[in-house]
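Here's the letter readout for the chains.
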Amino acid sequence: TTTKTDGGPGATRTMSYTLNAAADFLLVRVHWAGSTSISSVTWGGVAMTSVGGVIRSNGDAHACQMYYKTSPATGTADVVVTFSGSTDFSIEAASGYSGVDTAAPTSSYQTGAADSQPSPASITAVSSVVGDLVIIMWPPHTTAAPTAQNQTEDYRVIDGDTFLVAAGGHAD
């Protein structure tokens, strides 16, 4: 299950999330706007590890980044995202997964976004093997979300200008 929260400006964002007892992997996706970076992401006060992200600084400074925790404590706890300064807005999404190889939970990280593009460039192939989960996310103010084979959309936020503020999904 994916839980999403979104809001206005701030340097710290807190989201309550309930992690299923069977989950052995927690993934947090963060989208934000503003000339700042993420200082830390925690689950129940325990630091999470960055998978990677992208910052589009083509005048708007929109970004997205993923964090994970293997073998996290289950139940309800807060996901706390701390930025290096105040953001214009941020959106956080948390998802729990079970059956993850906790010794090697992530492999290659690929990005298709570049400063000169209004939308993420398409990545035509992502290396994976049977049983892999491919996580997909888009930076804020993208004009259209790319699609993937066997993709499931987890969340989508659109502003009044019909720009995709944030979206994320997965493909198995």
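Scroll up to find the structure.
Only a predicted model underlies this, so the values are computations on that prediction, with no experimental measurement involved.

**Student:** Before we go on, may I ask you to explain the side chain of Gln65 in this structure?
**Tutor:** Within the fold, Gln65 resides in strand β7 (residues 62–70). At 2.9 Å, the side chain of Gln65 and the side chain of Ser50 are in polar contact. Within the structure, Gln65 has its side chain in polar contact with the side chain of Tyr67 (distance 3.2 Å).

**Student:** Just checking my understanding: could you explain the pattern of salt bridges for this structure?
**Tutor:** Under the criterion given, the structure shown has 1 salt bridge. One salt bridge connects Arg13 with Glu92, and the closest N-O pair in it is separated by 3.3 Å. Here Arg13, found in strand β2 (residues 10–19), pairs with Glu92, found in strand β9 (residues 89–97); they are 79 residues apart in sequence, far enough to count as distant.

**Student:** Is there a simple way to explain the nonpolar core in this structure?
**Tutor:** The nonpolar side chains of a soluble globular protein tend to be buried, and buried together. Leu26, Val28, Ile38, Val41, Trp43 and Val79 are the most contacted members of the largest nonpolar core, which has 19 residues in total. Secondary-structure elements contributing two or more residues to this core are β2, β3 (25–33), β4 (38–43), β7 and β8 (75–87). Once you skip the residues sitting within four places of it in the chain, Val79 turns out to touch Arg13, Thr14, Met15, Tyr17, Val28, Val41, Thr42, Trp43 and Ala94.

**Student:** Please clarify how the environment of Ala61 should be interpreted in this entry.
**Tutor:** Mapped onto the secondary structure, Ala61 falls in the loop between β6 (49–56) and β7. Accessibility expressed as a relative area gives 13% for Ala61, which makes it buried. The spatial distance from the C-alpha of Ala61 to the C-alpha of Thr36 is 8.3 Å, given a sequence separation of 25 residues.

**Student:** What's the story with the pairing of β7 in this structure? I'm lost.
**Tutor:** Working note: regular strand, side chains alternate between the two faces of the sheet. With respect to burial, β7 is a largely interior element, 7 of its 9 residues being buried. Looking at chain direction, β3 and β7 are connected through 9 bridges and run antiparallel. Residue pairing for β7: Trp32 is matched across the bridge by Ala63.

Conventions used here
- Once a new chain begins, its residue numbering starts again from 1 and follows that chain's sequence as written.
- For a predicted model such as this one, the threshold for reporting local features is a pLDDT of at least 70, and the threshold for listing and counting side-chain atom pairs is 80 or more; totals across whole chains, interfaces and linings nevertheless cover every residue.
- Note: side-chain values were computed over all heavy atoms of the structure, leaving out hydrogens and water.
- For helices the rule is a DSSP run of H or I covering at least 4 residues; for strands it is a run of E covering at least 2, with both sets numbered from the N terminus onward.
- Pairs of N or O atoms within 3.5 Å make up the polar contacts considered here, provided that, within protein, one atom can donate a hydrogen while the other can accept it, and that residues adjacent in sequence are counted only when both atoms are side-chain atoms.
- Definition used for salt bridges: Asp or Glu carboxyl oxygen within 4 Å of a side-chain nitrogen of Lys or Arg.
- Here, nonpolar core means buried Ala, Val, Leu, Ile, Met, Phe, Trp, Tyr and Cys residues that are tied together by side-chain atoms lying within 4.5 Å of each other.
- Categorising residues by exposure relies on relative accessible area from a 1.4 Å probe, with only protein chains included: less than 20% of the type maximum marks a residue as buried, more than 50% marks it as exposed, and the intermediate range marks it as partly exposed.
- We call two residues in contact when some of their heavy atoms are within 4.5 Å.
- DSSP bridges decide pairing: two strands pair if at least two such bridges lie between them.

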